[in-house]
Amino acid sequence: MNTFLKRVLILLSLIALGLFLYSFFVENIFSPRLSPKDTVEFKLNDLKLEVFYNRPSKKERVIFGALVPFNEVWRTGANEATTFKTNKNLEVQGNLLPAGKYTLWTVPKDSTWSVIFNSKQYSWGVDNEMKPLWDPNYDVLDIEVPIEKLNTIVEQFTIAFDNSTDNLFLTMAWDNTKVSVPLK
């Protein structure tokens, strides 16, 4: 076997070993994520909105008030911090949300949720002790929205844009709970 072919085989072996070690010790790149990533977009004329988030599943668990405690900041999904982008200024419950990229945090309560748009970008949603990485000094907007109890169960956490009534809402639903954030 010539020297060039040996070097190519050694290089390919090292790459395969590196992928295996990364997969084993860091993140299993060959298996599906428990909370898959998702991106939702809304476009109308020159307005462009985008939310990136991770979608945990209910899996027969009690969600709000248990897995996601009441009256505590939640990263609004799983894994990486949820982000919200807008290319235009928005009005949210009469308050200005300037164009930009924000992390989206929530405080679920029994009858309302606080929805927080934070200007700091966080690479992950929680620290090693599972406490939110949220820093309130970067809050741009904090609003309260009522919850809506659903008659059906939403198995996987879902964020969407709803413009079905010519009024735009950012909706979040999981288990039997839904909140709608009005956007103008």
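Residues numbered from 1 in each chain as written. Predicted model: local features only at pLDDT ≥ 70, side-chain atom pairs only at ≥ 80, totals over all residues. Heavy atoms only, no water.

Enquirer: Honestly, the layout of surface pockets in this entry has me stumped. Any pointers?
Expert: If you roll a probe as big as a water molecule over the atoms, it shows you where there is empty space left. Here the largest pocket defines a volume of roughly 450 Å³. Lining the largest pocket are 20 residues, and of these Leu-67, Val-68, Trp-74, Arg-75 and Met-130 lie nearest its centre. Considering only residue class, the lining of the largest pocket consists of twelve nonpolar, three polar and five charged. (1 Å grid on protein atoms, 1.4 Å probe; cavity = no way out; pocket = protein on both sides within 12 Å on 5 of 7 lines; lining within 4 Å. Points joined across faces, edges and corners; volume = space filled by probe spheres on them. Nonpolar A, V, L, I, M, F, W, Y, C, P; charged D, E, K, R; others polar.)

Enquirer: Got a minute to help me understand the side chain of Lys-58 in this structure?
Expert: Of note, Lys-58 is situated in the loop between strand 2 (47–54) and strand 3 (83–86). If we skip the residues at most four places from it in the chain, Lys-58 touches Ile-63, Ile-153, Glu-155, Trp-174 and Asp-175. (Helix = DSSP H or I, 4+ residues; strand = E, 2+ residues; numbered from the N terminus. Contact = heavy atoms within 4.5 Å.)

Enquirer: Hey, could you run me through the pairing of strand 9 (residues 168–183) in this one?
Expert: Looking along a regular strand, one sees the side chains alternate between the two faces of the sheet. Taken together, the nine bridges between strand 8 (residues 139–162) and strand 9 define a ladder with antiparallel strand orientation. Its bridge partner being in strand 9, Lys-149 is matched across the sheet by Thr-177. Counting the residues that bridge the hairpin from strand 8 to strand 9 gives five residues, and of these Asp-166 lies at a positive phi of roughly 65°. (Pairing = 2+ DSSP bridges.)

Enquirer: Please clarify how the nonpolar core should be interpreted in this entry.
Expert: Where a protein is soluble and globular, its nonpolar side chains tend to be buried together. Counting 33 residues, the largest nonpolar core has Leu-49, Phe-84, Phe-161, Leu-170, Met-172, Val-181 and Leu-183 as its most contacted members. Looking at this core, the elements with two or more residues in it are strand 1 (37–44), strand 2, strand 4 (90–92), strand 6 (100–108), strand 7 (112–118), strand 8 and strand 9. With residues up to four places along the chain from it excluded, the contact list for Leu-183 reads Leu-49, Phe-84, Leu-90, Glu-91, Val-92, Phe-161, Leu-168 and Leu-170. Counting six residues, the second largest nonpolar core, distinct from the first, contains Val-73, Ala-81, Val-107 and Ile-116. (Core = buried A, V, L, I, M, F, W, Y, C linked by side-chain atoms within 4.5 Å. Buried < 20%, exposed > 50% of the residue type's maximum accessible area, 1.4 Å probe, protein only.)

The values reported here are purely geometric and, on their own, carry no functional implication.
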